[in-house]
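Structure at a glance
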Amino acid sequence: MSKEGIKSEIIDLLKSGKIKSFVGYEKGTNPFFLRPLITSSVEEVKKADFSVLCVSNLVRYVIDDFKIALPRGKTRDSRPIAVVVKGCDSRAVNVLLQEHIIKRSDVFLIGMPCNGVIDPKAAESLWYERNKTHDPTKIRISNEGMFEIADGKEEIKLADFDEIESEKCKVCMHNNPVIYDELVWDKVDDKKVTRGERYKKVDDYEKLDPEKKWLFWSDEFSKCIRCYGCKNICPLCYCEECTLAKDKEKAVLPNEKIWKTSWIDKEVNFSNNVAYHMNRAMHLAGRCVDCGECERACPVDIPLRLLYTKVEKDIYERYGYESGMDSEVKPVLATFDINDKEEFIEG
Amino acid sequence: MNVITNVEEKATEKVWEPKIIAFLCNWCSYAGADLAGVSRIQYPPTVRVIRVMCTGRMNPSFVIKAFQNGADGVLVAGCHPGDCHYIQGNLYARRRYSILAGLIEFLGIERERFMMSWVSASEGGKFAKVVTELTDRVKKLGPQNQLRRP
């Protein structure tokens, strides 16, 4: 398949009514980022684009579709949504299938094998440093690097791909989608990242003294403004009512003067921030697919991926389980083995 | 007047004693703690027991909430694997708390403050031992101020 081939196939599917809408990427005003394209019109699908700028995880929009409240008497359109998925995104779909949140017939997956996407923030800051024309329309980014189009057709290389590549993609172990209906282009070779390389950063942090660790994390967590960006962008945070962002409810009975407990208060202070992030890490244990969206959405740059990779490492080393690889197996924390390691249990 | 102020002064001079929240499972550990009391086994009065029906019922946020509300140590105790009243509740809990223990350590929160143990209904002595050990550890560390709410 090619880019044009896949587009004409989507158009055919839309015309015949086999899919209800298409979620993909299109070129927007930001040259470092392809914005999400959500449409059911044939004309708009022609604008779709596939490249190294396909940063966002579109599986979130599939979940959002389920959350729309419908008028009384109307039923949800049960036709599938066509959605573009990279390797990491396809694993998120697998987790949702595993947890029976969506059915396989709800999505038509257009797999996009990728050799890594760029980090828009890094690319933008490098461009500011190195560009000469000061014209953001004259940028071309491909998997060879970032180029500036000078006079005529001459191109000046501004950065290598390694410099602008997203951190999560440097340690990605699944470059090809694990579940798909169609592929945009042929499968690519896996990068052959080893587990040691993947967990190197976590290992380095684990070696620090407890005081240093606490100093580092308390610095990071005290920055948090609790915007819930990480929760709102996460493809796996699908709960209708999030326990981490719940107001205290007044008791229903009028003579009861107590407030119903909320396990994590919404009030922004350091203690609640740490509790929020610990709870979120626990909720993502054995589920996080490391799509890196939380870290990209974070306005204060908390290294959330480091926290979730630590949990992922623990799960892998203790239970040999990797999230999102198979939609048929049970989630790791929803099952057990009588011979699980219990060296942490004392007495 | 003097007498009252003297009493108040004495109350404030009291040495610091740790507060330990113990989540005990209804069928084994709670009965174990009961046995410790009935058998008149001495254990520190620092422990505040919360009875839960099973360790599998415990959400990891209970532990975090306890620390937030000023607990100096948290103990989670349940039936030995294979003895659970609900067949498998403690086995789910074991997986859950293995991850939480790793997370606590990774964030640099004093790991010694959190303890998980298996205490059966016949192990009154073991319950006393576990509580004594946790109290000693927490006493060495002093009051918990990392997660405490202002």
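So, how was this worked out
- Residues numbered from 1 in each chain as written.
- Chains lettered and ligands numbered in written order.
- Predicted model: local features only at pLDDT ≥ 70, side-chain atom pairs only at ≥ 80, totals over all residues.
- Heavy atoms only, no water.
- Salt bridge = Lys/Arg side-chain N within 4 Å of Asp/Glu carboxyl O.
- Helix = DSSP H or I, 4+ residues; strand = E, 2+ residues; numbered from the N terminus.
- Buried < 20%, exposed > 50% of the residue type's maximum accessible area, 1.4 Å probe, protein only.
- Disulfide = S-S within 2.5 Å.
- Pairing = 2+ DSSP bridges.
- Right-handed = clockwise from strand over helix to strand, strands pointing away.
- Domains from an automatic or database assignment.
- Contact = heavy atoms within 4.5 Å.
- Buried area = accessible area lost by both parts, 1.4 Å probe.
- Axes fitted to C-alpha atoms, helices over the stretch in contact; angles between N-to-C directions.
- Polar contact = N/O pair within 3.5 Å; in protein donor to acceptor, adjacent residues only side chain to side chain.
- Patch = residues over 30% accessible without salt bridge, like charges linked within 9 Å, V, L, I, M, F, W, Y side chains within 5 Å.
- Areas by Shrake-Rupley, 256 points an atom, 1.4 Å probe, with all protein chains shown as cover.

All chains considered together, the criterion is met by 40 salt bridges over all chains. For the salt bridge of A:Asp301 with A:Lys121, the shortest nitrogen-to-oxygen distance reads 3.1 Å. Here A:Asp301, found in the loop between α13 (293-297) and α14 (304-319), pairs with A:Lys121, found in helix α5 (residues 120-130); they are 180 residues apart in sequence, far enough to count as distant. Taking the shortest distance from any N to any O, the salt bridge between B:Arg95 and A:Asp340 comes out at 2.9 Å. Remark: A:Asp340 occurs in the segment after α14 and B:Arg95 occurs in helix α4 (residues 89-107); the pair is interchain, linking two chains. On the basis of relative accessible area, A:Asp340 is assigned to the buried category, the value being 10%. If you follow the salt bridges from partner to partner, you end up with A:Asp203, A:Glu206, A:Lys310, A:Lys313 and A:Asp314 in one network.

Residues and elements named next belong to chain A. For the coordinates displayed, the defined rule picks out one disulfide over all chains. Not engaged in a disulfide, the cysteine Cys88 finds its nearest cysteine sulfur in Cys291; these two sulfurs lie 5.9 Å apart. In this structure Cys88 comes out as buried when scored by relative accessible area, which is 13%. Under the relative-accessibility criterion, Cys291 is labelled buried at 8%.

For the rest of this paragraph, the subject is the pairing of strand β3 (residues 73-78) of chain B. Residue and element names in this part refer to chain B. Most of β3 sits out of view: six of its six residues are buried. Relative to β3, strand β1 (residues 20-25) runs parallel, the two sharing five bridges. What sits directly across from Ile20, in β3, is Gly73. Alignment of β3 against strand β4 (residues 114-118), held across five bridges, turns out to be parallel. Of the residues in β4, the one forming a bridge with Val76 is Met116. Crossover connection from β3 via α4 to parallel β4: handedness right-handed.

All names here are of chain A. Partitioning chain A into domains gives domain 1 (1-115 + 174-193), domain 2 (118-165) and domain 3 (194-237 + 270-347). For domain 1 versus domain 2, the separation of C-alpha centres amounts to 27 Å. Listed as interface residues are eight residues of domain 1 and, on the opposing side, 13 residues of domain 2. Overall, the association of domain 1 and domain 2 removes approximately 850 Å² of surface from exposure, summing both partners, and the carbon and sulfur fraction of that is 72%.

Once that is clear, we can look at the sheet that holds strand β8 (residues 182-183) of chain A. Sheet strands line up and pair through hydrogen bonds in the backbone, either parallel or antiparallel. Residues and elements named next belong to chain A. Pairing is mixed across the open sheet formed by five strands, whose spatial order is β2-β1-β3-β4-β8. Edge positions in the sheet fall to β2 (34-39) and β8, since each of these pairs with one other strand and no more. Where strand β3 (residues 81-85) and strand β4 (residues 107-111) come together, five bridges link them in parallel fashion. Residue Val85 lies in a different strand from β4, and its bridge partner there is Gly111. The sheet strands contacting helix α1 (residues 3-16) are β1 (21-27), β4 and β8, and the helix crosses β4 at an angle near 170°. Packed onto the sheet, helix α4 (residues 87-98) meets β1, β3 and β4 and runs at close to 135° relative to β3.

Counting from both sides, the interface comprises 46 residues of chain A and, opposite them, 42 residues of chain B. Between chain A and chain B lies a buried interface of about 3900 Å² when both sides are counted; carbon and sulfur atoms form 66% of it. Joining chain A to chain B, the criterion identifies five salt bridges. Linking chain A with chain B are 15 residue pairs in polar contact (both at pLDDT 80 or more). Breaking the side of chain A that touches chain B down by element, the ones donating at least two residues are α9 (200-206), α10 (210-223), α12 (270-283) and α14 of chain A.

Our next topic: a nonpolar patch on the surface. All names here are of chain B. On the surface, Trp27, Met53 and Tyr86 cluster together to form a nonpolar patch covering roughly 290 Å² of accessible area. The topology assignment puts Met53 in the loop between β2 (47-52) and α3 (60-68). Its relative accessible area of 38% is what places Met53 among the partly exposed residues.

We now examine the environment of A:Thr29. Residues and elements named next belong to chain A. Of note, Thr29 is situated in the loop between β1 and β2. Using a relative accessible area of 77% as the deciding quantity, one classes Thr29 as exposed. Note: C-alpha distance between Thr29 and Thr335 (306 residues apart in sequence) is 47 Å.

Below, the discussion takes up α3(B). In terms of burial, α3(B) is largely enclosed, as nine of its nine residues are buried. Every buried residue belonging to α3(B) is among B:Pro60, B:Ser61, B:Phe62, B:Val63, B:Ile64, B:Lys65, B:Ala66, B:Phe67 and B:Gln68, and all of these are buried. Taken together, the buried residues of α3(B) touch α12 of chain A together with β1, β3, α4 and β4 of chain B. Of the residues one or two after α3(B), B:Gly70 is the one with positive phi, at around 105°.

Moving on, we get to the side chain of A:Asn176. Residues and elements named next belong to chain A. Mapped onto the fold, Asn176 is located in the loop between α7 (167-170) and β8. Exposure remark for Asn176: the relative accessible area of 13% places this residue in the buried category. Excluding residues that lie within four positions of it along the chain, Asn176 makes contacts with Gly87, Pro113, Lys187, Val188 and Asp190.

Attention now goes to the sheet that holds strand β6 (residues 145-149) of chain A. Residue and element names in this part refer to chain A. Read across the open sheet, the three strands follow the order β5-β6-β7; overall the sheet is antiparallel. One side of each edge strand has no neighbouring strand; the edge strands of this open sheet are β5 (139-142) and β7 (155-160). Here the average twist between neighbouring strands, direction ignored, is 25°. Pairing of β6 with β7, which is carried by five bridges, proceeds in the antiparallel orientation. Its bridge partner being in β7, Met146 is matched across the sheet by Ala159.

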